[in-house]
Amino acid sequence: IEAWQDLVHVLTHELMNSLTPVASLSHTLDSLMTDVSEKARQEEVSDGFRDLLQDASDGIGAIARRSNRLNNFVSTYRKMTKVPPPKEQHLQISSLFDNIEKLFSAPLQDGGITLEKTVIPDSLAVLADPELLDQALINLVKNAVEVLSGREDAILRLTARLDRNGAPQIAHRIFVPFFTTKHTGSGVGLSLVRQIMLAHKGSVSCHPNPDSGVSFRLSGFSC
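Before going into details, it helps to say that this report is about the structure given with it. Everything quoted here is computed from the prediction, not taken from an experiment.

Looking at helix α3 (residues 93-103)
Among all positions in α3, only I93, L96, F97 and I100 are buried. The arc that holds every buried residue of α3, seen down its axis, measures 95 degrees, which confines them to one face. Among the structural elements, β1 (89-92), β2 (113-120), β3 (125-128), α5 (130-148) and β4 (154-161) are those in contact with the buried residues of α3.

What about unusual backbone geometry?
Residue P121 is bonded to the preceding I120 through a cis peptide linkage, with omega at -5 degrees. Considering the arrangement of structural elements, one finds P121 in the loop between β2 and β3. The residue D153 is not glycine, and still its phi comes out positive at about 55 degrees. The topology assignment puts D153 in the loop between α5 and β4. Of note in the backbone geometry, K201 takes a positive phi value of approximately 60 degrees without being a glycine. Mapping K201 onto the fold places it in the loop between α6 (189-199) and β5 (203-208). Residue K201 is classed as exposed on the basis of its relative accessible area of 75%.

Describing the packing of α3 against α5
Helix-helix packing is described using two parameters, namely the angle between the two axes and the distance between the axes. Here α3 crosses α5 at 50 degrees, and the two axes come no closer than 11 Å. The angle between α3 and α5 falls in the class oblique. In this structure, α3 meets α5 at a crossing whose hand is right-handed. Of the residues in α5, those touching α3 at L96, F97, I100 and L103 are L133, D134, L137, I138 and V141. Classifying every residue of the contact of α3 with α5 gives 8 nonpolar, no polar and 1 charged.

Focus: the environment of S105
Relative to the elements of secondary structure, S105 occurs in helix α4 (residues 105-110). Taking the relative accessible area as the measure of exposure, S105 reaches 41% and is therefore partly exposed. Separated by 10 residues in the primary sequence, S105 and L115 have C-alpha atoms spaced 9.2 Å apart. Within polar-contact distance, the side chain of S105 engages the backbone oxygen of K102 at 3.1 Å.

Points about the pattern of salt bridges
Applying the stated criterion across every chain yields a total of 6 salt bridges. The residue D47 makes a salt bridge to R50 at a minimum N-O spacing of 3.8 Å. With a gap of 3 residues between them, D47 and R50 both fall in helix α2 (residues 47-78), about one helical turn apart. Residue R50 is classed as partly exposed on the basis of its relative accessible area, which comes to 29%.

A word on a nonpolar patch on the surface
Where nonpolar side chains cluster on the molecular surface, the patch consists of L25, L29 and L32 and spans about 260 Å² of accessible area. In this fold, L29 is placed in helix α1 (residues 2-42).

A closer look at the packing of α5 against α6
Packing of α5 against α6 leaves a shortest axis separation of 9 Å and a crossing angle of 150 degrees. Comparing their axes, α6 and α5 come out roughly antiparallel. In the crossing of α5 with α6, the sense of the turn from one axis to the other is left-handed. Contacts between α5 and α6 involve L132, L133, Q135, A136, N139, L140 and N143 from the former and G189, L190, L192, V193 and I196 from the latter. Per-class residue counts for the contact of α5 with α6 are 8 nonpolar, 4 polar and no charged.

Criteria and thresholds
- Residues numbered from 1 in each chain as written.
- Predicted model: local features only at pLDDT ≥ 70, side-chain atom pairs only at ≥ 80, totals over all residues.
- Heavy atoms only, no water.
- Buried < 20%, exposed > 50% of the residue type's maximum accessible area, 1.4 Å probe, protein only.
- Helix = DSSP H or I, 4+ residues; strand = E, 2+ residues; numbered from the N terminus.
- Arc of directions from axis to C-beta.
- Contact = heavy atoms within 4.5 Å.
- Axes fitted to C-alpha atoms, helices over the stretch in contact; angles between N-to-C directions.
- Parallel < 35°, antiparallel > 145°, perpendicular 65-115°, else oblique.
- Left-handed = near helix turned anticlockwise from the far one by under 90°.
- Nonpolar A, V, L, I, M, F, W, Y, C, P; charged D, E, K, R; others polar.
- Polar contact = N/O pair within 3.5 Å; in protein donor to acceptor, adjacent residues only side chain to side chain.
- Salt bridge = Lys/Arg side-chain N within 4 Å of Asp/Glu carboxyl O.
- Patch = residues over 30% accessible without salt bridge, like charges linked within 9 Å, V, L, I, M, F, W, Y side chains within 5 Å.
- Areas by Shrake-Rupley, 256 points an atom, 1.4 Å probe, with all protein chains shown as cover.

What follows is the structure, given as structure tokens:
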């Protein structure tokens, strides 16, 4: 994990060093070409010259847009190496689940998804960083909502209970950085969940349900 974090850090650092001046220069040229094209429209220039200006403007605009997307892409992957040490405190799981329900109330309703929350016992609390654990659950619930939206009788279950059997080993490809089965996926979300759990000295695992769908388990917190 440490070797992978170091590699991503070095690669993204070098990429950002190259992309930042390219992005800045391309945006400057894009603005300059807009001014030049406007002046050309006000003066008597040949149609051929106007066409050349338009081609140049289109090309520079495309470079500016692409460099901006690449900057965003690299910035996203840099986040995976910056999970801070958790600031642990006692968290009531019921309150955590309630916050997630409020946050996703609109997507759940729009997708026709029923959310079921179960906490055993009701007073269950864990030692964890509230911001990091929130982010882990947000990534998991976001993925679930994307998969379940529009499906008939879709149910998303959030369940928390004491586990005396210990945490299973993580051995699923879905937690490998950059691995995704979605056409528009980045492969960052679940990997970030894993990083957050490892920072808490815990684990995340995925288990197929007997009927359909899958369950994700975050385990290893101190109570």
